[in-house]
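# Residue-level structural notes
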Amino acid sequence: MHYAVTANGDPVDLKHQVCTYLQEYEPPAGEPPPAIDPHEVLAKFPIKTFLTTNYDDFMANALLQEKSCRKNPTSTFPKWWDTEEEEPHIELPTHEEPLIYHLHGRWDEPGSLVLTDDDYLTYLVNMVEARAANDQPPLPSTVIQAMTSHPLLFVGYSLQDWNFRVLFHGLLKAMPLIMRRRHISVQLMPDLNGSVADAAERAHEYLEKYLNDWSITIFIGTTQEFFEQLQWRM
């Protein structure tokens, strides 16, 4: 994206192009759809708050189409580029009216996308400054409450990303030890050095120890494998 914005010369125009491309994208002909759509599985649960760094509306569509319970989701995103602007008030979400909070923007609002190097730097700096001033990340109180009082399921997220680490550490700092819940993360096995004996076992052990300090239990496997097991257990 840094190369693209340099070649394009206009970061706003680039974001419009990215949003158009994503919304018009069609899978290659003959490519079978996934056996299980994770969004459809999650929509069956009585979850009140969904946090995503994806720009798409797949989660909202899955909730709207959930037949077992009529759901009317609210979708919004942070004004990460302007720390002076107050976050709009968000009503407490319910099972019937869940909240989808797009941490990195939404594709129907191209200007909201966290996309380029400068965007990520601004996003992280504003997070750190807001935490230093208010002892919490610059997120609505409704979102903070959901993240600090409920178990979290991380899907398709690298827990080594700096933006995640800044956000999650900020939440842990604001959370009393006795209130911390156990979380679950679906993780792919990292690239392994084939010349190292027992590389897979060592990597698994490392991930377990590393994430256990954050009260995160890991599921090693793909998103499809996790949701196949989850649907079977349901």
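Description of the structure in this document.

Thresholds, definitions, all that
Residues numbered from 1 in each chain as written. Predicted model: local features only at pLDDT ≥ 70, side-chain atom pairs only at ≥ 80, totals over all residues. Heavy atoms only, no water. Helix = DSSP H or I, 4+ residues; strand = E, 2+ residues; numbered from the N terminus. Expected span 1.5 Å × (residues − 1). Buried < 20%, exposed > 50% of the residue type's maximum accessible area, 1.4 Å probe, protein only. Arc of directions from axis to C-beta. Pairing = 2+ DSSP bridges. Axes fitted to C-alpha atoms, helices over the stretch in contact; angles between N-to-C directions. Phe/Tyr/Trp six-rings, centres within 6.5 Å; stacked < 30°, edge-to-face > 60°.

In an α-helix there are 3.6 residues to a turn, and that puts residues three or four apart on one side. Along its 14 residues, helix α8 (residues 199-212) runs 20 Å from first to last C-alpha, staying within 8% of the 20 Å computed at 1.5 Å per residue. Every buried residue of α8 is listed here: Ala 199, Ala 203, Leu 207, Tyr 210 and Leu 211. Projection of α8 onto a plane perpendicular to its axis shows the buried side chains occupying an angular sector of 85°, all on one side. Residues of α8 that are exposed and point over 90 degrees away from its buried face: Glu 201, Arg 202 and Lys 209.

With parallel pairing, three strands are arranged side by side in an open sheet as β1-β3-β2. Looking at strand neighbours, the two that pair on one side only are β1 (49-52) and β2 (74-76), the edges of this open sheet. The average undirected angle you get between the axes of adjacent strands in this sheet is 15°. As paired strands, β1 and strand β3 (residues 99-102) are joined by four bridges and run parallel to one another. Paired with Thr 49 across the bridge in β3 is Leu 99.

The next point concerns the packing of aromatic side chains. Per the counting criterion, the structure on display carries seven aromatic pairs. Taken together, a centroid distance of 6.1 Å and an interplanar angle of 55° make the contact between Tyr 21 and Tyr 25 tilted. The exposure class of Tyr 21 is exposed, given its relative accessible area of 53%. Judged by relative accessible area, which is 46%, Tyr 25 ranks as partly exposed. Their ring planes at 10° and their centres at 5.7 Å tell us that Tyr 206 and Tyr 210 sit as a pair that is stacked. Of this pair, Tyr 206 and Tyr 210 both sit in helix α8, four residues apart, roughly one helical turn. For Tyr 210, a relative accessible area of 19% gives the class buried. Taken together, the ring pairs in this structure connect Trp 80, Trp 81 and Tyr 123 into an aromatic cluster.

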